[in-house]
Amino acid sequence: MIARASQLFLPTLRDDPADAEAASHKLLVRGGFIRQVSAGLWTFLPLGWRVHRKVEQIIRDEMDAIGSQEMYAPVLTPAELWQKTGRYGIPELFKLKDRSGRDFILPLSHEETFTFHGAELQSYKQLPQLWYHMQTKDRDEPRPSGGLIRVREFVMKDSYSFDLDEAGLDQSFELNREAYIRIFERCGIEAFAVQAESGVMGGNESRDFLAPSGSGGNTLVTCENGDYAADLEIAQAIPRAPDFPPPLEAPEEVETQGVTTIEALAALLEVDEAATSKAMPHTKADGTVILALVRGDDRLEEAKLLAAVGAEVRPSTEDEIRAAFGADPGSLGPVGFKGEVIADETLRDGQFVAGANRTGRHLKGVEQGRDFDARFADLRVLNEGDRCPICGGALHFQTAIEVGHIFKLGTKYSEPLGARVVDEDGKERTIVMGSYGIGLGRVMAAAVEQHHDENGIIWPRELAPYDAHVVALPGAEAVALQAAEALSAAGYDVLLDDRDARAGEKFADADLIGCPIRVTAGKKSLEDGKVDVRDRTSGDEERLAVADLGKRAS
């Protein structure tokens, strides 16, 4: 197939968008792949949609290979499905009414819809089932950014498994995990499958596929020895040991009026910041206040707290804090607090400085078990300098894009939506489900983040909009056409730049667009019937006869 640039919509730009920071954002806009309609809303232009379809076909190939069946579910979804599963209150959910006043939503995923169809399954003999589709999702993203990385509307491949029991789910989960590894390999993306937080999707286990990049909304944590990898939200590590002061037989109250930071508190009391504690009150949906406690030199990871509580919580207001603790924020601690205390594992041993629950006062020598009782969980955000929990090696932190996420949902959706089958003993069993998602636009963004140079994109071969980019210089148009026809006859998709433009502009656009091969026909081609063939990745060039182009390895 030959596409003539003179007839295509290829609006390349010389300058980066003013608001762009991510390399993928800059290059996909400049290369004429995408255009912004509004914040977080993007149109895929012809070049961009060709790449998007390449990603789609790779996914389809690998989903079909594991026996997953393609379907197509609507975007517009009855609100009652989401009300039954308890997800209707998600703040990122777009909600609307039809002309009759009936409530609908624009889903950010399709668990409810596919479970609705799964309720038609009747017998264990029909299991397992694997279903998937590629469909538009909408998300009321409060801070869209990064081009295709954080958006309000996107196409996602989401798939669902239906099994009789947990053992069956384990097999379906592994099938999809292996398929994802093949998908990202074919897309030319380095991606790590890591432990992750399930978030609003629910379930008891999930894996993120994180692609290291210059930009992204996730942080990938890996060990220098290669034996540990996790999303920062749930990553664990060995922190440095605190330098404790001499122990006290009982807590000792000290005046700390005007001290509002851990740094100032540690300096005033001449103690290690790691020997202090930080109180973070949170409020449940029913108004109950709980106290999350972390070491003074740590930050609270909200996702870990959510997992530890097992329910939605939010930071408490000042009025809620005063009512629960009898003190202003900044002087709070676990001693004497009547509610539940959830403390980070680092506070299990030793004596720490904590708020006295009296404004302007703190306690030295506070000890778990003697002075308060807490439930322990991993609550901290990892810090630079933490060590690997497996081998003690150094941990590395990389910005990453979440390109895929797979979940063991269990019966979170099948139970409320009545998806049940009869087992071999004639007993009714609730179907056990899994959910598996890939963001196609994010795959494109990750590919660009990992494959570009100062001149433009370097597309992995299976994602490139065209296999070859033929540049026709003035006077050599006929040779360029012959070259394009030879490549096309050999099975290449060819972009023929036959525009009335300067050579420098054509070369710059070819580098920017990033097809794997650039073929140039110039004045010398008229003499020897040969063209220059340049590899976009390596920059290597060779001169070949037009007749030999089809023999060149792709």
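Quick caveat, the model's predicted, so the values are computed rather than measured.

*Asks:* Quick question: what am I supposed to make of the nonpolar core here?
*Replies:* Grouped burial of nonpolar side chains is what soluble globular proteins tend to show. By size, the foremost hydrophobic cluster in this structure holds 56 residues, and its most contacted members are Leu 28, Phe 33, Tyr 180, Ile 183 and Trp 459. The leading source of residues in this core is helix H9 (residues 440-450), at seven residues. The contact partners of Tyr 180, leaving out residues within four places of it in the chain, are Met 63, Lys 157, Phe 209, Gly 404, His 405, Ile 406, Tyr 436, Gly 437 and Ile 438.

*Asks:* What is the right way to look at the sheet that holds strand S15 (residues 277-284) in this model?
*Replies:* Backbone hydrogen bonds are what pair the strands of a sheet, in a parallel or an antiparallel way. Taken together, five strands build an open sheet; the order of strands is S17-S15-S16-S18-S21 and the sheet is mixed. Looking at which strands have only one partner, the edges of the open sheet turn out to be strand S17 (313-315) and strand S21 (375-377). Within this sheet the neighbouring strands show an average axis-to-axis angle of 35°, counted without direction.

*Asks:* Before we go on, may I ask you to explain helix H5 (residues 166-186) in this structure?
*Replies:* Three or four residues apart is the spacing at which side chains of an α-helix point the same way, because the helix has 3.6 residues per turn. Under the 1.5 Å per step criterion, the end-to-end length of H5 is 30 Å for 21 residues, consistent within 8% with the ideal 30 Å. Among the residues of H5, Gly 168, Leu 169, Ser 172, Phe 173, Asn 176, Ala 179, Tyr 180, Ile 183 and Phe 184 are the ones counted as buried. Taken down its axis, H5 places every buried residue within 130° of arc, on the same side. Facing away from the buried side of H5 by over 90 degrees, the exposed positions are Gln 171 and Glu 185. Gly 188 occupies a position one or two residues after H5 and carries a positive phi of about 75°.

*Asks:* Got a minute to help me understand the layout of surface pockets in this structure?
*Replies:* Summary: where empty space remains is shown by rolling a probe the size of a single water molecule over the atoms. The computed volume of the second largest pocket comes to approximately 280 Å³. The wall of the second largest pocket is formed by 17 residues, among which Thr 260, Ile 262, Lys 278, Gly 330 and Ser 331 lie closest to the centre. Mapped by element, the contributors of at least two residues to the lining of the second largest pocket are helix H6 (262-269), S15 and strand S19 (351-355). Looking at the lining of the second largest pocket element by element, the count peaks at four residues for S15. Of the residues contributing to the lining of the second largest pocket, the split by class is nine nonpolar, seven polar and one charged.

*Asks:* Please clarify how the packing of helix H2 (residues 46-65) against H5 should be interpreted in this entry.
*Replies:* Helix packing geometry: the angle between the two helix axes and the distance between the axes. Where H2 meets H5, the axes come as close as 9 Å, and the angle between the chain directions of the two elements is 150°. For the element pair H2 / H5, the angle class is roughly antiparallel. Pair H2 / H5 crosses with right-handed handedness. Judged by residue contacts, Ile 58, Ile 59, Asp 61, Glu 62 and Met 63 of H2 engage Asn 176, Ala 179, Tyr 180, Arg 182, Ile 183 and Arg 186 from H5.

*Asks:* When you look at the side chain of Ser 277 in this model, what are you seeing that I'm missing?
*Replies:* Locating Ser 277 in the fold gives a position in strand S15. With residues near it in sequence (within four places) discarded, Ser 277 still touches Ile 262, Leu 293, Val 294, Arg 295, Gly 296, Leu 347, Phe 352, Val 353 and Ala 354.

*Asks:* Could you clarify how one ought to interpret the pattern of salt bridges in this entry?
*Replies:* Pairing is possible between side chains of opposite charge, provided their charged atoms come close. Counted according to the given criterion, the structure contains 52 salt bridges. With a closest N to O distance of 2.8 Å, Arg 60 and Glu 70 form a salt bridge. Of this pair, Arg 60 sits in helix H2 while Glu 70 sits in strand S4 (residues 69-70); the two residues are 10 residues apart in sequence, bridging distant segments of the chain. We classify Arg 60 as buried; its relative accessible area is 16%. Ionic pairing is found between Asp 103 and Lys 97, a salt bridge with its closest N-O pair at 2.5 Å.

Rules used in this analysis
Residues numbered from 1 in each chain as written. Predicted model: local features only at pLDDT ≥ 70, side-chain atom pairs only at ≥ 80, totals over all residues. Heavy atoms only, no water. Core = buried A, V, L, I, M, F, W, Y, C linked by side-chain atoms within 4.5 Å. Buried < 20%, exposed > 50% of the residue type's maximum accessible area, 1.4 Å probe, protein only. Helix = DSSP H or I, 4+ residues; strand = E, 2+ residues; numbered from the N terminus. Contact = heavy atoms within 4.5 Å. Pairing = 2+ DSSP bridges. Axes fitted to C-alpha atoms, helices over the stretch in contact; angles between N-to-C directions. Expected span 1.5 Å × (residues − 1). Arc of directions from axis to C-beta. 1 Å grid on protein atoms, 1.4 Å probe; cavity = no way out; pocket = protein on both sides within 12 Å on 5 of 7 lines; lining within 4 Å. Points joined across faces, edges and corners; volume = space filled by probe spheres on them. Nonpolar A, V, L, I, M, F, W, Y, C, P; charged D, E, K, R; others polar. Parallel < 35°, antiparallel > 145°, perpendicular 65-115°, else oblique. Left-handed = near helix turned anticlockwise from the far one by under 90°. Salt bridge = Lys/Arg side-chain N within 4 Å of Asp/Glu carboxyl O.

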